[in-house]
Amino acid sequence: MRIGILSRGPTLYSTGRLVEAGQRRGHRVLVIDTMQAARSLGVVPRASGRRFNQSLPRVDAIIPRIGASITRYGVAVVHKYESRGVVTTAPSQAIAQSRDKLRSLQLMQSAELPTPKTAIVSNLGELAAAIDAVNGFPIVIKILKGTQGKGVILAPNLVTARAVLSIFFRHGHKPILVQEFIDEADGRDLRLLIVGNRCIAAMQRTAPQGDFRANLHRGATSTRIRPDEATEELALRAAALHRLGVAGVDIIPSQRGPLLLEVNSSPGLEGIENTTRTDIATEVVRYLEECAREKQRRPTR
């Protein structure tokens, strides 16, 4: 099978591990530059004087590794491959809705999956009602398309909240999410790695001293865990709801049970593979193999 990995960084850990796993299982693996592919489709302007291949590389399956800053270009490329019947770990619509925190949250709330109490703020006049809706200070303020803890601020009082919102609004971030602060989590959250209909690996992340964001990129520490049945089931339901074959599901523990924070369509492999000593890359390739077999079993019209 010819597997294409959509990535801008062929030397990145996750990309390299997927290439290695695919080749080890006997597949031909191509790393396809997402932006160059988007240019070949005419989605982005071409640089003056440069020539690009007019057609996308032919593959049987793709693993999208789409960075947040190029989501719309990556979605266009994945959609084109989908139209050709290429199997993927993440459909284009799934990438788009999981990357947009508001759309993802609304999807989960519509399915009655538990999430932190959340309000949407588009101007400072809506702030007071939002604070009441999430049970008062401190509050967590989030932009819709932040990653790795960027654009997530803890506001302890009204002065700070107004200042943070003013800055975000001034930089074009609107609307903004205001969420309750889960104090009992004590700076901890869980990352569950879902492949197909199984939780392949799970870790607990603990924020560094003085921070509440448990992101490994921000200095958090991690330990391997075995999630309880309720937490694992919640992660599986969230991934399936977003139609993601591979997903990193972030969950925060609370007094009322596990709460969904977000669902990631391009979860990084380095932190969780090293923490759990699990060969996730191989599991992803095996999932693609099963998808390809399932496609072949479907009756043709």
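Whatever comes next refers back to the structure up there.
Residues numbered from 1 in each chain as written. Predicted model: local features only at pLDDT ≥ 70, side-chain atom pairs only at ≥ 80, totals over all residues. Heavy atoms only, no water.

Let us look at helix α8 (residues 229–241). The end-to-end C-alpha separation of α8 is 18 Å, in line with the 18 Å expected for 13 residues at 1.5 Å each. Looking only at α8, the buried set comprises T231, L234, A235, L236, A238 and A239. Considering only its buried residues, α8 is in contact with β9 (188–195), β10 (198–206), β12 (246–252) and β13 (259–264). The N-terminus of α8 is capped by D228, whose side-chain oxygen sits 3.2 Å from the backbone nitrogen of A230. Phi turns positive one or two residues past the end of α8, at R243, with a value near 60°. (Helix = DSSP H or I, 4+ residues; strand = E, 2+ residues; numbered from the N terminus. Expected span 1.5 Å × (residues − 1). Buried < 20%, exposed > 50% of the residue type's maximum accessible area, 1.4 Å probe, protein only. Contact = heavy atoms within 4.5 Å. Polar contact = N/O pair within 3.5 Å; in protein donor to acceptor, adjacent residues only side chain to side chain.)

The final tally for this structure, using the stated rule, is 16 salt bridges. Between R191 and D250 there is a salt bridge, with its nearest N and O atoms 2.5 Å apart. Taken together, the positions of R191 in strand β9 and D250 in strand β12 put the pair 59 residues apart, joining distant regions of the chain. Classification of D250 by relative accessible area gives buried; the value is 6%. As a salt-bridge pair, E283 and R198 come within 2.8 Å of each other at their nearest N and O atoms. Placement of E283 in helix α10 (residues 280–297) and of R198 in strand β10 is noted, with a sequence separation of 85 residues between them. (Salt bridge = Lys/Arg side-chain N within 4 Å of Asp/Glu carboxyl O.)

Within the structure shown, the criterion is met by zero aromatic pairs. Directly above the aromatic system of F169 lies the positively charged group of K174, at a separation of 5.2 Å from the ring centroid. (Phe/Tyr/Trp six-rings, centres within 6.5 Å; stacked < 30°, edge-to-face > 60°. Lys NZ or Arg CZ within 6 Å of the ring centre and 35° of its normal.)

Right, let's talk about the packing of helix α1 (residues 13–24) against α10 for a bit. Across the interface, α1 lies against α10 with an axial gap of 8 Å and an inter-helix angle of 55°. By the angle class used here, α1 and α10 are oblique. In the packing of α1 onto α10, the handedness of the crossing is right-handed. Seen from α1, the contacting residues are R17, L18, A21, G22 and R24; seen from α10, they are A281, T282, V284 and V285. Per-class residue counts for the contact of α1 with α10 are five nonpolar, two polar and two charged. (Axes fitted to C-alpha atoms, helices over the stretch in contact; angles between N-to-C directions. Parallel < 35°, antiparallel > 145°, perpendicular 65-115°, else oblique. Left-handed = near helix turned anticlockwise from the far one by under 90°. Nonpolar A, V, L, I, M, F, W, Y, C, P; charged D, E, K, R; others polar.)

What follows covers the packing of helix α3 (residues 71–83) against helix α4 (residues 92–99). Taken N-terminus to C-terminus, the directions of α3 and α4 make an angle of 160°; their axes are 8 Å apart at the nearest point. Judged by the angle between their axes, α3 and α4 are roughly antiparallel. Contacts between α3 and α4 involve T71, V75, V78, H79 and E82 from the former and S92, I95, A96 and R99 from the latter. Grouping the constituent residues of the contact of α3 with α4 by class yields four nonpolar, three polar and two charged.

To continue, consider the environment of E290. Positionally, E290 belongs in helix α10. Given the relative accessible area of 34%, E290 is considered partly exposed. The sequence separation of E290 and G196 amounts to 94 residues, and the corresponding C-alpha distance is 9.5 Å. A polar contact of 2.9 Å, which involves the side chain of E290, links it to the side chain of R297.

The alternating pattern of strand β6 (residues 139–142) places I139 and I141 on one face and V140 and K142 on the opposite face, and all of these are buried. Pairing of β6 with strand β7 (residues 152–155), which is carried by four bridges, proceeds in the antiparallel orientation. Each residue of the ladder has a partner; that of I139, found in β7, is A155. In terms of strand pairing, β6 meets strand β8 (residues 176–180) through four bridges, oriented antiparallel. Looking across to β8, one finds that K142 is bridged to L177. (Pairing = 2+ DSSP bridges.)

Everything listed here is a matter of coordinates, which is why it stays silent on function.
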